[in-house]
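Chain by chain, the residues:
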Amino acid sequence: GIIARGGLWVRTGPPGPFVWDMVQKSKDADFDFTVADQVVNNFQKNSIGILAIIFPFADWDQKNLDNSADCKVSDIDEFLIKNDKKGRGACLPYYRCNPNDWTAYQEFVKAIVERYDGDGINDMPGLKMPIKYWEVMNEPDLQYKSNSPYGENDRSTFYRQGPAEYVRLLIETSKAIRLADSEAKILIAAPASADERALSFYREVFKHADARNAFDIGNIHCIANDQNTHDCNAGPYKKMLAD
């Protein structure tokens, strides 16, 4: 959760109801907002705003990738539904790379943003607190340049690709969000920490001008790993942005 001026805001995830295959069960299926609507309703009943994360994963889509085998996470990954010991109830699928069908993915993004933007067009029935902040994925750097190979030791993997692939994901997702809601604010995915390994991922991303223009708000996580910065990792991240 984030305590912000104007009230309490909750960051949904990871993971949350805004996962592609939780909304669309197959390429030809209609969008099913049941789970997402429940989450939004529960928060708005308590006057809590949402910062939503979009996950681009659908097993039925990613199995069509040429490198689909490289996109599959370990059987012990904690975000698989079978390993949900924390009672999240909303988990991630096995395959976690960029979409195979970018057009279908962008249609999903536009549909989910349109559902909760509060403009009166195709909105969720009873929507009172629109979602205006969208984060593109979560901690894509987590396994980047990891000291251990992918395998049975990998309990937490959000993304099986690298900075170049995330550049495209950020750009294509941002385009779809802005088409659906020109007022929306886009957050780049937060790194898992502010160490050199994590920041090196984002330095590669920021080499691309289109990627730098694809988000509005920078983002950094502090999960008990700021012992060397003492500022919730904000200092190293801000320095990287300045550079």
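The following paragraphs examine the structure supplied in this document. Small disclaimer: the values here were computed from a predicted structure and weren't measured.

The next thing to look at is the overall build of the chain. Each helix and strand in the chain was counted, giving eight helices and five strands. For the chain, the sequential pattern of α-helices and β-strands runs β-β-α-α-β-α-α-β-α-β-α-α-α. Here the chain, with 243 residues, has 52% of them falling under the buried criterion. The contacts in the chain between residues at least 6 apart in sequence include a share of 72% that link residues at least 24 apart. When the accessible surface of the chain is summed, it comes to about 11800 Å², and 48% of that surface belongs to carbon and sulfur atoms.

Turning our eyes to something else, we now look at the packing of helix 5 (residues 163-180) against helix 6 (residues 196-205). Running from N to C, helix 5 and helix 6 cross one another at 60°; their axes reach a closest spacing of 8 Å. Put simply, helix 5 runs oblique to helix 6. For the crossing formed where helix 5 meets helix 6, the hand is right-handed. Across the interface between the two elements, Pro-163, Tyr-166 and Val-167 of helix 5 pack against Phe-201, Glu-204 and Val-205 of helix 6. Per-class residue counts for the contact of helix 5 with helix 6 are five nonpolar, no polar and one charged.

What follows deals with the state of the cysteines. What makes a disulfide is a covalent bond joining the sulfur atoms belonging to two cysteines. Going through the model one piece at a time under the given rule, you end up with one disulfide. Of all cysteine sulfurs, the one in Cys-222 lies closest to Cys-232, which takes part in no disulfide; the gap is 4.2 Å. Overall, the relative accessible area of 47% leaves Cys-232 in the partly exposed class.

Another point: the environment of Arg-115. By secondary structure assignment, the location of Arg-115 is in helix 4 (residues 102-115). Sequence separation between Arg-115 and Phe-33 is 82 residues, and the spatial gap between their C-alpha atoms is 8.5 Å. Setting aside residues no more than four positions away along its own chain, Arg-115 makes contact with Phe-33, Asp-37, Asn-122, Asp-123, Met-124, Pro-125 and Leu-127.

Here the second largest pocket defines a volume of roughly 200 Å³. In terms of lining, the second largest pocket is formed by 11 residues, of which the most central are Asp-21, Ile-81, Cys-91, Leu-92 and Pro-93. Among the residues making up the lining of the second largest pocket, the classes are represented as seven nonpolar, one polar and three charged.

Moving on: the pairing of strand 4 (residues 133-136). Where strand 3 (residues 49-54) lies against strand 4, four bridges are found, and the strand directions are parallel. Each residue of the ladder has a partner; that of Ala-52, found in strand 4, is Trp-134. Relative to strand 5 (residues 185-188), strand 4 is paired through four bridges, and the arrangement is parallel. By the bridge assignment, Tyr-133 is partnered in strand 5 with Lys-185.

Within this structure, the stated rule accounts for 17 aromatic pairs. With a centroid separation of 5.0 Å and 70° between ring planes, the pair formed by Trp-20 and Trp-60 is classed as edge-to-face. Here the residue Trp-20 occupies a position in helix 1 (residues 20-23), and Trp-60 occupies one in helix 3 (residues 59-62), the gap between them amounting to 40 residues. Accessibility expressed as a relative area gives 21% for Trp-60, which makes it partly exposed.

Considering all chains together, one arrives at one cavity of 30 Å³ or more under this definition. Within this model, the largest cavity holds a volume of roughly 30 Å³. Every residue along the wall of the largest cavity is listed here: Val-40, Phe-43, Gln-44, Ile-48, Gly-49, Ile-50, Met-129 and Ile-131. In terms of residue count, helix 2 (residues 34-44) provides more of the lining of the largest cavity than any other element does, three residues in total.

Those residues of helix 2 that sit buried are Ala-36, Asp-37, Val-40 and Gln-44. For helix 2, the angular spread of buried residues about the axis comes to 100°, placing them on one side. Next to the buried residues of helix 2 lie strand 3 and helix 4.

Let us look at the packing of helix 6 against helix 8 (residues 234-242). At a minimum axis separation of 11 Å, helix 6 and helix 8 run at an interaxial angle of 25°. Considered as vectors, helix 6 and helix 8 are oriented roughly parallel to each other. Crossing of helix 6 over helix 8 shows right-handed handedness. Residues Leu-199, Tyr-202 and Arg-203 of helix 6 form the contact with helix 8, whose own contacting residues are Pro-236, Tyr-237 and Met-240. Here the contact of helix 6 with helix 8 is composed, by residue class, of five nonpolar, no polar and one charged.

Reading the values: rules and limits
Residues numbered from 1 in each chain as written. Predicted model: local features only at pLDDT ≥ 70, side-chain atom pairs only at ≥ 80, totals over all residues. Heavy atoms only, no water. Helix = DSSP H or I, 4+ residues; strand = E, 2+ residues; numbered from the N terminus. Buried < 20%, exposed > 50% of the residue type's maximum accessible area, 1.4 Å probe, protein only. Contact = heavy atoms within 4.5 Å. Areas by Shrake-Rupley, 256 points an atom, 1.4 Å probe, with all protein chains shown as cover. Axes fitted to C-alpha atoms, helices over the stretch in contact; angles between N-to-C directions. Parallel < 35°, antiparallel > 145°, perpendicular 65-115°, else oblique. Left-handed = near helix turned anticlockwise from the far one by under 90°. Nonpolar A, V, L, I, M, F, W, Y, C, P; charged D, E, K, R; others polar. Disulfide = S-S within 2.5 Å. 1 Å grid on protein atoms, 1.4 Å probe; cavity = no way out; pocket = protein on both sides within 12 Å on 5 of 7 lines; lining within 4 Å. Points joined across faces, edges and corners; volume = space filled by probe spheres on them. Pairing = 2+ DSSP bridges. Phe/Tyr/Trp six-rings, centres within 6.5 Å; stacked < 30°, edge-to-face > 60°. Arc of directions from axis to C-beta.

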